[in-house]
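Listed here are the chains, written in short residue letters.
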Amino acid sequence: MGMGVDLRNRMARRAAKEIDPGMIVNLGIGIPSLVSNHIPADMQVMFQAENGVLGMGESPEEGEENPMLCNAAGFPVSIVPGASYFDSATAFGIIRSGNLDITILGGLEVSEKGDLANWIVPGKRVPGIGGAMELAQKAKKVIVLMSHINKHGEPKIVPECQLPLTAKACVDIIITDRAVIEVTEEGLLLKEVMAPYTADDVMKNTAADLMLSDQVTTLS
């Protein structure tokens, strides 16, 4: 069973706190696409999509959708003043040239070294890798939003990824339905837990070793 809307928005709201005014940010499909809904209205951020949009706003109200305006996943979006449109070659040029301040992606597994696997489960059909490899390698900061455990109850934060990698040593912050974890040179640092979970709950459901921050805070 997937996560409920409230929980998904809770994670997206926490990820939005990592964004500063004036940043250029790319949002992946799934939970990351909700992040733009949690940016203050007076905060100038330019959200970019691989299909050729710079300046996406929050999701439009039902009935207000523009069928010609969507994000990389094909879902309707709004735009902010100053937005622009271009072809996919230009969109990927922005990514590959290192102009993205942050990319926020979904994940299947993240290793203790910050390796990311998020594009395929062997034997499953997928439409393609899209821009995941470029985004993970070239963005100045990579944030991964994902459930803490998979549908089988197994940890998704692991010593080494077992699924095909998207990129090595690329992840900076992991935000799950249970915790906020920073990837450091010394290892994974548990900084925040999501109520009603505790630090012990998180550690028991994380296969990789976790260090505890001096002050682990609880997010309500």
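Quick note: structure is the one above.
Trainee: Help me out: how do you make sense of unusual backbone geometry in this one?
Mentor: Omega for the peptide link from Ala-195 to Pro-196 comes to 10°, which places this bond in the cis form. Of note, Pro-196 is situated in the loop between strand 12 (187–194) and helix 4 (199–204). The phi torsion at Ala-169 lies on the positive side, around 45°, for a residue other than glycine. Positionally, Ala-169 belongs in the loop between strand 9 (157–158) and strand 10 (173–175). Accessibility expressed as a relative area gives 59% for Ala-169, which makes it exposed.

Trainee: How should the pattern of salt bridges be read in this particular structure?
Mentor: When the charged atoms of two side chains with opposite charge come close together, those side chains can pair. Taken as a whole and assessed by the stated rule, the structure comprises six salt bridges. Where Arg-14 meets Glu-18, a salt bridge forms, and the shortest distance between an N and an O atom there is 2.9 Å. One exposure class covers both Arg-14 and Glu-18, and it is buried. A salt bridge links Glu-192 to Arg-14; the nearest nitrogen and oxygen atoms lie 2.8 Å apart.

Trainee: I would appreciate a short explanation of the sheet that holds strand 6 (residues 109–111) in the present structure.
Mentor: Adjacent strands of a sheet pair through backbone hydrogen bonds, lying either parallel or antiparallel. In spatial order, the strands read 7-6-9; together these three strands make up an open sheet with mixed pairing. Of all the strands in the sheet, just strand 7 (116–117) and strand 9 have a single pairing partner and so form its edges. Alignment of strand 6 against strand 9, held across two bridges, turns out to be parallel. Of the residues in strand 9, the one forming a bridge with Ser-111 is Val-158.

Trainee: Explain the layout of surface pockets to me, please; I cannot follow it from the model alone.
Mentor: Rolled over the atoms, a probe with the dimensions of a water molecule shows which regions are left empty. Approximately 1400 Å³ is the volume attributed to the largest pocket. Forming the walls of the largest pocket are 44 residues, and the residues nearest its centre are Gly-106, Gly-107, Leu-108, Asn-118 and Lys-156. Looking at the lining of the largest pocket, its residues break down into 23 nonpolar, 13 polar and eight charged. In this model, the second largest pocket occupies a volume close to 330 Å³. If you go around the second largest pocket, you meet 23 residues; those closest to its centre are Ser-33, Ser-59, Asn-71, Phe-75 and Pro-76. Counting residues per element, the lining of the second largest pocket draws most heavily on strand 2 (residues 46–49), which supplies three residues.

Trainee: Is there a simple way to explain the pairing of strand 12 in this structure?
Mentor: Walk down a regular strand and you will see the side chains alternate between the two sheet faces. The buried fraction of strand 12 amounts to seven of the eight residues, a majority that puts the element mostly inside the structure. By the bridge criterion, six bridges tie strand 11 (residues 179–184) to strand 12 in an arrangement that is antiparallel. Bridge pairing in strand 12 links Val-183 to Leu-188. Joining the antiparallel neighbours strand 11 and strand 12 is a turn of two residues. Taken together, the six bridges between strand 12 and strand 13 (residues 210–219) define a ladder with parallel strand orientation. What sits directly across from Leu-189, in strand 13, is Met-211. You can see the chain leave strand 12, run along helix 4 and come back into strand 13, and the turn it takes is right-handed.

Rules behind the numbers
Within every chain, residues take consecutive numbers counted from 1 along the sequence as written. Note on the predicted model: pLDDT of at least 70 is required for a residue's local features to be given, and 80 or more for side-chain atom pairs to be given and counted; whole-chain, interface and lining totals, by contrast, use all residues. Side-chain measures were taken over the full set of non-hydrogen atoms in the model, leaving aside hydrogen atoms and water. Under the DSSP-based scheme used, a helix requires at least four consecutive residues in state H or I and a strand at least two consecutive residues in state E, with every element numbered from the N terminus. Between buried and exposed lies partly exposed: a residue is buried under 20% and exposed over 50% of the maximum accessible area for its type, with that area taken using a 1.4 Å probe on protein chains only. Here, a salt bridge means any Lys or Arg side-chain nitrogen found within 4 Å of an Asp or Glu carboxyl oxygen. Pairs of strands are assigned from DSSP output, requiring at least two bridges between the strands. Using a grid of 1 Å spacing that covers the protein atoms alone, one calls a set of points a cavity when a 1.4 Å probe fits there but cannot get out, and a pocket when the set is open and has protein on both sides within 12 Å along at least five of seven lines; lining residues are those with an atom within 4 Å of a point. Grid points are joined across faces, edges and corners, and a volume is the space filled by probe spheres set on the points. When residues are sorted by character, Ala, Val, Leu, Ile, Met, Phe, Trp, Tyr, Cys and Pro go into the nonpolar class, Asp, Glu, Lys and Arg into the charged class, and all the rest, Gly among them, into the polar class. Handedness is read with the strands pointing away from the viewer; a crossover is right-handed when the path from the first strand over the helix to the second is clockwise.

Treat this as a map of the structure, not an account of what it does.
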